[in-house]
Amino acid sequence: MELFIYGTATNTGKGFFTHADRQNFYLSGHPADVWVVGNNEKGALWLAEKNGVEKTKTEAQALVTAEVEAAQAAWDLLSEAEQSMSHRPTQITLP
Amino acid sequence: MASYNTISGLKVKYLSADPANPEDGQVWYNSGTGKLRVASVVGTGTWASGGAMSTARQDGGGFGTQTAGVVVGGETPARTTATEEYDGAAWSTGGVYPASYTSIGTAGTLTAGLGFGGGSPYGNTTTAEYDGTNWTAGGSFPLSYTAMGGAGTQTAGLSVAGDAYPTSPRNSNKSFEYNGAAWTAGGDLGTGRYATMSAGTQTAAATNGGTGPAATLTEEYDGSSWTAGGTGLQPQSFGGSSLNGTQDDWMTYGTNSPNYAFTQGYNGTSWSTRPSLATGRYSSAGAGTASAALCMGGRAPAFSTATEEFTAPIGTASITTS
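An account of the accompanying structure is given in this report. Computed from a predicted model, the values in this text were never measured in an experiment.

So, on to the overall build of chain A. Tallying secondary structure elements over chain A gives four helices and four strands in all. Helices and strands in chain A line up, N terminus first, as β-α-β-β-α-β-α-α. Relative to the globule expectation of 12 Å for 95 residues, the C-alpha radius of gyration of chain A, 16 Å, shows a markedly less compact shape. In terms of overall dimensions, chain A has a C-alpha envelope of 50 × 30 × 20 Å along the principal axes. Buried residues in chain A amount to 41% of all 95 residues. Taking contacts inside chain A between residues at least 6 apart in sequence as the whole, the part at least 24 apart equals 62%. Counting every atom, chain A has about 5100 Å² of accessible surface; 54% of that belongs to carbon and sulfur.

On to empty space enclosed by the protein, then. For the structure on display, the rule yields two cavities of 30 Å³ or more. By volume, the largest cavity is sized at about 290 Å³. What lines the largest cavity is a set of 24 residues, among which B:G60, B:I104, B:M148, B:T196 and B:G239 lie closest to the centre. Elements that contribute at least two residues to the lining of the largest cavity include exactly β5 (61-64), β9 (105-109), β13 (149-152), β17 (197-201), β21 (240-241) and β25 (285-288) of chain B. Grouping the constituent residues of the lining of the largest cavity by class yields eight nonpolar, 15 polar and one charged. Lining of the second largest cavity is provided by A:M85, B:T102, B:S103, B:P121, B:T146, B:A147, B:D163, B:Y194 and B:F238. Its residues placed into classes, the lining of the second largest cavity shows five nonpolar, three polar and one charged.

Quick look at the layout of surface pockets now. Here the idea is plain: a probe the size of a water molecule rolls over the atoms and shows the empty space left. The volume enclosed by the second largest pocket comes to roughly 450 Å³. Around the second largest pocket sit 25 residues that line it, and A:H30, B:N259, B:Y260, B:A261 and B:G280 are the ones nearest its centre. For the lining of the second largest pocket, the class distribution of residues is 13 nonpolar, eleven polar and one charged.

Facing 36 residues of chain B, the contacting portion of chain A comprises 28 residues. Of the roughly 2300 Å² buried at the junction of chain B and chain A (both faces included), carbon and sulfur atoms supply 53%. Area buried by chain B at its contact with chain A is led by B:S49, B:A278 and B:P301, which between them contribute 23% of it. Among the ionic pairs, B:E309 bridges to A:K14, the shortest N-O distance being 2.7 Å. Across the chain B-chain A interface, the total number found is 18 residue pairs in polar contact (both at pLDDT 80 or more). Across the side of chain B that touches chain A, the residue classes break down as 18 nonpolar, eleven polar and seven charged.

Our next topic: the environment of B:T81. Residues and elements named next belong to chain B. With respect to the helices, strands and loops of the structure, T81 is situated in the loop between β6 (69-72) and β7 (83-86). For T81, a relative accessible area of 22% puts it in the partly exposed group. Distance from T81 to S304, taken between C-alpha atoms, is 17 Å for residues 223 residues apart in sequence. When sequence neighbours within four positions are dropped, the list of residues in contact with T81 reads G95, V96, Y97, A99 and S100.

This part is about the sheet that holds strand β8 (residues 91-93) of chain B. Residue and element names in this part refer to chain B. Read across the sheet, four strands follow the order β5-β6-β7-β8 without closing on themselves; strand pairing throughout is antiparallel. Of all the strands in the sheet, just β5 and β8 have a single pairing partner and so form its edges. Taking each pair of neighbouring strands and ignoring which way they run, the sheet shows an average axis angle of 25°. The pairing of β5 with β6 spans four bridges and is classified as antiparallel. Residue pairing in the sheet places G64 in a bridge with G69 of β6.

Bringing the pattern of salt bridges into the picture now. Residues and elements named next belong to chain B. Tallying each qualifying case throughout the model produces nine salt bridges over all chains. Among the ionic pairs, R170 bridges to D163, the shortest N-O distance being 2.9 Å. The exposure class assigned to D163 is buried, which follows from its relative accessible area of 1%.

Cut-offs applied
Residues numbered from 1 in each chain as written. Chains lettered and ligands numbered in written order. Predicted model: local features only at pLDDT ≥ 70, side-chain atom pairs only at ≥ 80, totals over all residues. Heavy atoms only, no water. Helix = DSSP H or I, 4+ residues; strand = E, 2+ residues; numbered from the N terminus. Rg over C-alpha atoms; globule rule 2.2 N^0.38 Å. Buried < 20%, exposed > 50% of the residue type's maximum accessible area, 1.4 Å probe, protein only. Contact = heavy atoms within 4.5 Å. Areas by Shrake-Rupley, 256 points an atom, 1.4 Å probe, with all protein chains shown as cover. 1 Å grid on protein atoms, 1.4 Å probe; cavity = no way out; pocket = protein on both sides within 12 Å on 5 of 7 lines; lining within 4 Å. Points joined across faces, edges and corners; volume = space filled by probe spheres on them. Nonpolar A, V, L, I, M, F, W, Y, C, P; charged D, E, K, R; others polar. Buried area = accessible area lost by both parts, 1.4 Å probe. Salt bridge = Lys/Arg side-chain N within 4 Å of Asp/Glu carboxyl O. Polar contact = N/O pair within 3.5 Å; in protein donor to acceptor, adjacent residues only side chain to side chain. Pairing = 2+ DSSP bridges. Axes fitted to C-alpha atoms, helices over the stretch in contact; angles between N-to-C directions.

And the structure:
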């Protein structure tokens, strides 16, 4: 069985994920509204309740990579002074 | 031996029952049971989602508590004067900051807050005081700095290091103390830096990380001099901290580090890993304490409105003499 479920869902703020959720299953949020959820009953139920759209890991990674690359391109256009006051986004590899 | 009054600045309350939501370290006398009672953290805690900010931003200045938090300024990506206030569930609009700055140094509470310096993109000497509604001018900051660490209160504030660009050296090792009207020089840090994370008070503060060689280094302040503390677990800069924590109990998170979700906690001697943010980000703003913290906004890598609340479970016990 796969360790994780991959999907997209919009963070609606307070209550979107709770302290109990964090204790019940693995959960991590990533660029492009991608969420990686522990593959158990409670994790799957959480993604369904959030109207999540399930993705394959490859699809989810592609969404993340595209958003990071767009942010990197925007950072590269900053002046040298502004670059020194911020941080070039680094690529993110989903678990 | 120090008394509770001396340590906490409060008297022990005489209550008919245990309070509903005691805070870590709170002590009270329960007249119903005839017991002296104490609250303390009994677990590791977790991060949960909070209300979304109205304005996505990076490098905002955070201060206050988990249920009365503030974020001010930052980049949206344009630099902003916007202040937002958090009540533990939702954000509302606060007072307009005197100018559009990013990486403003901050300290204090929602009703007695302090902002100093900040970038546009280079540093400035602005100090502003917040009363929960309006920002008003305070005593001018001694140098044109941005990206300082902050600690303390509106009337006993502390500025830690900072970005002195275009003045050299850029990585400042200066600290400054505010008394509610004017800034005076404090002790020099051992290692210059900017974009450092800090917490504590004017006489018992700590700072960790920042630019250059300071990325893992911690220093502790006693009101006159800085000394080396425990080495951080990851190099980091540009992020949040539980600003209103204490020198020996605070956290850093949402930083520019190898793992954007990484959270670490300091006990006055060494750092340990704490539960990760759900949504990794850098250039976030922080507020609160090590048992009730806020992580606000940042880059993920899009400009983020996301708020996360860290809560450690609080238990109660009776104090005995055995």
